[in-house]
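Breakdown of the fold
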Amino acid sequence: MGTIRRLGIVGLGLIGGSVAAAVRAVGDAVFVVGVDRPEVLADARHRGLIDDARVEPTHLSDVDLIVLATPVPVILSLIDDLGRAGMRVPVTDVGSTKRAIMATAARAGIELVGGHPMAGVEASGLAHSRPDLFRGLRWFVVPGQASATSIRLVEQLATLAGATPRETDAETHDRAMAYVSHLPQLVAVALADAAGSAVGSSGLAMAGPAFGDMTRVASSSPELWQGILASNADLVGEAISRLRVCLDGLDADRQDPPALVRTFARAAAFRDVARRMVE
């Protein structure tokens, strides 16, 4: 059974930096090598998150596992680079979609185990990374055609980070994420935009906690989300269409109290299921 003794992390932003911090928090048994811009690497060294730095991901042939912790379009480009370099080290990623990543890895001829930790905040960058970001959360693992040894390495990484690894396939993952991750992001943006455009700053100042909770992720990076949404465009489109149907139904239910009660009850039951799964 393989063991992670040397870990390469490409991209030391919120997620990559938190992976390094989480590994550090459980001891010094893992030697961490970072790949990023010089100023980010210097900051990571200052914070004690990495032991060594490299200029390119293709220089990570001496690690046990490479983690691609960049936006999805960059992950796809890096996979192609690693394939052209003939990289034989197992690779994983932390991207929010999996179909394009798995397909690109298969074409590139590298051994990649898809990964997606269900963690994150609206802030970005190494300064916001923290060792407990993944604690108690699910870390989805998409085996693809990878070996059992490589799959165990990724599951070991998730466990080191304090998360619970859960295997799934790329199609199931991406369809679920379209509804439970990508659609909520778009709803938060639409809600903040609609409210702000209609009532302005004076109206927004009257908002309660519910509005803040529902729009928190509207502060997320648009550049990051552009890549996520583009790589899951078909299923996100399906989710948006489904939401329109539900909103139209709610609009009609406003004139039909029994129907409104049924819709609220159904939604509450679904919410309870989601909450139990997270807990």
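**Some details on the nonpolar core**
Counting 36 residues, the largest nonpolar core has L7, I9, L12, V19, F134, W139 and L157 as the members making the most contacts within it. When residues of this core are traced back to their parent elements, those giving at least two are β1 (6-10), α1 (14-25), α2 (38-46), β4 (65-68), β7 (138-142) and α5 (148-160). If one sorts the elements of this core by residue count, α1 sits on top with seven residues. Every residue in contact with F134, bar those within four places of it in the chain, is listed here: I15, S18, V19, A22, P117, A119, W139, A161, G162 and A163. In this structure, L60, I66, L78 and A108 belong to the second largest nonpolar core, which totals 25 residues.

**What to know about a nonpolar patch on the surface**
The grouping of L247, L250 and F264 at the surface amounts to a nonpolar patch, some 290 Å² of accessible area in total. Note that L247 resides in helix α9 (residues 233-253). A relative accessible area of 48% means that L247 is categorised as partly exposed.

**Section: the packing of aromatic side chains**
All told, the structure shown has one aromatic pair when counted by the stated rule. Look at F134 and W139: their rings are 5.2 Å apart centre to centre, the planes differ by 50°, and that puts the pair in the tilted class. Assessed through its relative accessible area of 1%, W139 is described here as buried.

**A few points about the pattern of salt bridges**
Applying the stated criterion to the full structure yields 17 salt bridges. For D51, the salt bridge is made with R24, and the minimal N-O distance between the two is 2.6 Å. In this pair, D51 is assigned in the loop between α2 and β3 (52-54) and R24 in helix α1, connecting sequence segments 27 residues apart. Among the salt bridges present, the one from D174 reaches R99, with a minimum N-O distance of 3.0 Å. One end of the pair, D174, is in helix α6 (residues 170-204); the other, R99, is in helix α4 (residues 99-108), and 75 residues separate them in sequence.

Analysis parameters
Residues numbered from 1 in each chain as written. Predicted model: local features only at pLDDT ≥ 70, side-chain atom pairs only at ≥ 80, totals over all residues. Heavy atoms only, no water. Core = buried A, V, L, I, M, F, W, Y, C linked by side-chain atoms within 4.5 Å. Buried < 20%, exposed > 50% of the residue type's maximum accessible area, 1.4 Å probe, protein only. Helix = DSSP H or I, 4+ residues; strand = E, 2+ residues; numbered from the N terminus. Contact = heavy atoms within 4.5 Å. Patch = residues over 30% accessible without salt bridge, like charges linked within 9 Å, V, L, I, M, F, W, Y side chains within 5 Å. Areas by Shrake-Rupley, 256 points an atom, 1.4 Å probe, with all protein chains shown as cover. Salt bridge = Lys/Arg side-chain N within 4 Å of Asp/Glu carboxyl O. Phe/Tyr/Trp six-rings, centres within 6.5 Å; stacked < 30°, edge-to-face > 60°.

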